[in-house]
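In case you want the letters, here they are:
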Amino acid sequence: MTNDIIDRQREFFLTGKTLDVSFRKSMLEKLYEGIRKHECEIADALYRDLGKSRPEGYMCETGLSLSEIRFTIRHIRKWSRTRKVSTPLAQFPASSRIIPEPYGNVLVMSPWNYPFLLCISPLISAIAAGNTVIIKPSAYSPATSSVIRKLIEETFPPELVTVMEGGREVNSSLLENKFDYIFFTGSKEVGKIVMKKAAEHLTPVTLELGGKSPSIVCRDASLKIAARRLVFGKFLNCGQTCVAPDYLMVHKDVADEFIGFCRQEAVSMFGIAPLSNRNYGKIVNEKHFERLTSLIEDSCGTGKVELGGHSDKETGQIEPTIIRIGHLDSGNGKKWTNLDKLPLMQDEIFGPILPVITYDDETDVMDYINAHPKPLATYVFSENRKLVRKILAGIRFGGGCVNDTIIHLATDDMPFGGVGESGMGNYHGKFGFDTFSHMKSIVDKPVWLDLPMRYQPYTKFKEKVIRFFLR
């Protein structure tokens, strides 16, 4: 079955139909209309899978997808044009150009935490670039995967876009095949498997992974608004966001006040009893629920619970939880060993639990972050622009915000992606188009002039001329 679909898509791609920009644009317009048609079904599916309210589902998934389609449609002709570039004088009278062309048959593997957006967003870029696409949505979000399949089947011919549902067996079957490009969003562990399988066919990949993304609240930060924006970013989708603040480092002089503001903002957003709030989501499945509640239980003996900590196994919900776990010592990295041993600091949390670490100096914070794998995101809260520039220049990470969280991924004019263990490659807007395009370089040289310098036999005069042009 898998081989038949791939063969059909390869045959369709070779017809050259996807090279027509008007065709690509029309397919994006059909996708836009299809999403609008199925908006209610998408919202219901997101609620069943993750407990997402309709406003949150539209804001973070459906609405962002529609916005990106509109942005892409407006710019697709410009992005697809041949790009003229300068030509060295030594190649006179030639001209040079870059031709964006599609890779061919693309595999998009999407995760469960934003099951609609993180499936549709790379699909938009892949179609805009002129590829055929096989989509593999997550088995952990079955309701949304089912709606995506229905949407795609109504919108596209299978030789252009096909959805393949299923679990690990389907993943394994797909990865045994040769694709022209693989786009994967998910965990580091699965990302390693994808990259290993792609390497067998020398297939290029984009890996959108994750990691422990820090938030830094400096002594001079605007504490109340910083608390509001941090609480929003951390507990959005119950913390099941790859760029969610994973842990907080707050200056010791303002820690108590800042945590107090966080409590106020959490109550303001989710109520005194968040487990009874219909607009507050749930953990995706029992496996992840048990993992997260175990983290809370393991941390109660070593840390101080400042907010939340309760859960409801029946509904799969965990309260927004803040746990103060320690202080960052200055100096030798060995002093961080006790922090690194804590369960909350070993792996990405991916849930509504925020560990808090106090610190004395921002240099210690930078040293700590740089001693660990590069995070996908970093958030800095400070009114001191000089200090902000120092922190941003001194830490390596995928992307982030100053005095806010999360919102950098919603900008079509900026690339989104990780670095190091948090991923490779990027997308969104033109960067997504470029990711799914091969940039073919062409030098076009007429025949009316053929200078002899490059041809043997070489003489001293020819060498002088070559040196002149290539100096």
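Residues numbered from 1 in each chain as written. Predicted model: local features only at pLDDT ≥ 70, side-chain atom pairs only at ≥ 80, totals over all residues. Heavy atoms only, no water.

Q: I would appreciate a short explanation of the pairing of strand β14 (residues 353-359) in the present structure.
A: Remark: a regular strand shows side chains that alternate across the two faces of the sheet. Among the seven residues of β14, seven are classified as buried, and the element is accordingly described as predominantly covered. Burial along β14 is two-sided: the face carrying Ile353, Pro355, Ile357 and Tyr359 and the face carrying Leu354, Val356 and Thr358 are both buried. (Buried < 20%, exposed > 50% of the residue type's maximum accessible area, 1.4 Å probe, protein only. Helix = DSSP H or I, 4+ residues; strand = E, 2+ residues; numbered from the N terminus.)

Q: Hey, could you run me through the nonpolar core in this one?
A: Soluble, globular proteins show a tendency: their nonpolar side chains are buried together. In this structure, Leu123 and Phe258 are the most contacted members of the largest nonpolar core, which totals 119 residues. A per-element tally of this core places helix α5 (residues 117-129) first, with 10 residues. (Core = buried A, V, L, I, M, F, W, Y, C linked by side-chain atoms within 4.5 Å.)

Q: Which parts of the structure should I look at to understand unusual backbone geometry?
A: When glycine is set aside, most residues are seen to have a negative phi, and most peptide bonds are trans. Residues Phe92 and Pro93 are joined by a peptide bond in cis, for which omega reads 10 degrees. Looking at the secondary structure, you find Pro93 in the loop between β1 (83-85) and β2 (95-102). Going from Gln456 to Pro457, the amide bond is cis rather than trans, its omega being 5 degrees. Position of Pro457 among the secondary structure elements: in the loop between β18 (437-444) and α16 (460-470). Positive phi, close to 55 degrees, is recorded for Phe350, a residue that is not glycine. Within the secondary structure layout, Phe350 lies in the loop between α12 (337-341) and β14.

Q: Could you clarify how one ought to interpret the side chain of Glu56 in this entry?
A: Locating Glu56 in the fold gives a position in helix α4 (residues 54-80). For Glu56, which is buried and forms no salt bridge, the nearest opposite charge comes from Lys52, at a distance of 5.1 Å. In this structure, Glu56 is in contact with Glu61, Leu236, Asn237 and Asn279, ignoring residues within four places of it in sequence. (Lys, Arg positive; Asp, Glu negative; His and termini not counted. Salt bridge = Lys/Arg side-chain N within 4 Å of Asp/Glu carboxyl O. Contact = heavy atoms within 4.5 Å.)

Q: How do you make sense of the packing of aromatic side chains when you look at a structure like this?
A: The geometry of an aromatic ring pair comes down to the distance between the two centres and the angle between the two planes. Evaluation of the coordinates by the stated rule reveals 13 aromatic pairs. Between Phe12 and Phe23, the aromatic rings sit 6.3 Å apart at their centres with planes inclined by 55 degrees, giving tilted as the arrangement. Of this pair, Phe12 sits in helix α1 (residues 2-14) while Phe23 sits in helix α2 (residues 21-37), placing them 11 residues apart in sequence. On the basis of relative accessibility, which here comes to 13%, the residue Phe12 falls in the buried class. Their ring planes at 90 degrees and their centres at 6.3 Å tell us that Phe235 and Phe270 sit as a pair that is edge-to-face. With Phe235 in helix α9 (residues 223-235) and Phe270 in helix α10 (residues 255-270), the pair connects residues that are 35 residues apart, well separated along the chain. The class for Phe270 is buried, based on a relative accessible area of 14%. Three or more aromatic residues joined by ring pairs make a cluster, and in this case those are Tyr103, Tyr181, Phe183, Phe416, Tyr427 and Phe436. (Phe/Tyr/Trp six-rings, centres within 6.5 Å; stacked < 30°, edge-to-face > 60°.)

Q: Just checking my understanding: could you explain a nonpolar patch on the surface for this structure?
A: A cluster of nonpolar side chains, Leu89, Phe92, Trp448, Tyr458, Ile466, Phe468, Phe469 and Leu470, forms an exposed patch at the surface whose accessible area comes to about 900 Å². Summarising the element assignment, Tyr458 is placed in the loop between β18 and α16. (Patch = residues over 30% accessible without salt bridge, like charges linked within 9 Å, V, L, I, M, F, W, Y side chains within 5 Å. Areas by Shrake-Rupley, 256 points an atom, 1.4 Å probe, with all protein chains shown as cover.)

Q: Explain the layout of surface pockets to me, please; I cannot follow it from the model alone.
A: Rolled over the atoms, a probe with the dimensions of a water molecule shows which regions are left empty. The volume enclosed by the second largest pocket comes to roughly 380 Å³. Around the second largest pocket, the lining comprises 23 residues; the ones closest to its centre are Cys60, Leu64, Leu117, Leu409 and Ala410. Elements with a contribution of two residues or more to the lining of the second largest pocket: α4 and α5. With five residues, α4 is the largest single contributor of residues to the lining of the second largest pocket. (1 Å grid on protein atoms, 1.4 Å probe; cavity = no way out; pocket = protein on both sides within 12 Å on 5 of 7 lines; lining within 4 Å. Points joined across faces, edges and corners; volume = space filled by probe spheres on them.)

Q: What is the right way to read the sheet that holds strand β15 (residues 377-381) from this model?
A: By definition, the strands of a sheet pair up through backbone hydrogen bonds, in either a parallel or an antiparallel sense. With mixed pairing, seven strands are arranged side by side in an open sheet as β10-β13-β14-β9-β8-β15-β16. Looking along the sheet, the strands with just one partner apiece sit at the ends: β10 (304-307) and β16 (399-402). The mean angle between the axes of side-by-side strands here comes to 25 degrees, regardless of whether they run parallel or antiparallel. Of the strand pairs in this sheet, strand β9 (residues 247-251) and β14 are connected by four bridges, and their pairing is parallel. Residue pairing for β14: Met249 is matched across the bridge by Ile357. Relative to the sheet, α9 contacts β8 (214-217), β9, β13 (321-327), β14 and β15, its axis offset from that of β14 by approximately 140 degrees. Across the sheet, helix α11 (residues 286-300) is in contact with β10, β13 and β14; its angle to β14 comes to roughly 35 degrees. (Pairing = 2+ DSSP bridges. Axes fitted to C-alpha atoms, helices over the stretch in contact; angles between N-to-C directions.)

Q: Just checking my understanding: could you explain the sheet that holds β1 for this structure?
A: Ordered by their spatial adjacency, three strands build an open sheet running β1-β2-β18, and the pairing between neighbours is antiparallel. One side of each edge strand has no neighbouring strand; the edge strands of this open sheet are β1 and β18. For this sheet, the mean inter-axis angle between neighbouring strands, taken without regard to orientation, is 30 degrees. Bridging between β1 and β2 involves three bridges; their strand directions are antiparallel. Looking across to β2, one finds that Arg83 is bridged to Ile98.

Q: Before we go on, may I ask you to explain empty space enclosed by the protein in this structure?
A: Tallying each qualifying case throughout the model produces one cavity of 30 Å³ or more. In this structure, the largest cavity encloses a volume near 50 Å³. Taken together, Gly211, Lys234, Gly239, Thr241, Cys242, Ala244, Pro245, Asp246, Glu348, Phe350 and Gly351 form the lining of the largest cavity. For the lining of the largest cavity, the class distribution of residues is four nonpolar, four polar and three charged. (Nonpolar A, V, L, I, M, F, W, Y, C, P; charged D, E, K, R; others polar.)

Q: Would you mind showing me how to read the pairing of strand β4 (residues 132-136) here?
A: Summarising burial for β4: five of the five residues are buried, a large majority. Of the pairings in the sheet, the one linking strand β3 (residues 105-109) to β4 comprises five bridges and is parallel in character. Following the sheet pairing, Val106 is matched in β4 by Val133. Here β4 pairs with strand β5 (residues 161-163) via three bridges, running parallel. Opposite Ile134, over in β5, you have Thr162 as the bridge partner. This β-α-β element, β4 to helix α6 (residues 142-155) to β5, shows right-handed connectivity. (Right-handed = clockwise from strand over helix to strand, strands pointing away.)

Q: Before we go on, may I ask you to explain a positive patch on the surface in this structure?
A: Where like charges cluster on the molecular surface, the positive patch consists of Arg385, Lys386, Arg389 and Lys390. When you line up the elements, Lys386 lands in helix α14 (residues 385-394). Judged by its relative accessible area of 64%, Lys386 is exposed. (Charge placed at Lys NZ, Arg CZ, Asp CG, Glu CD.)

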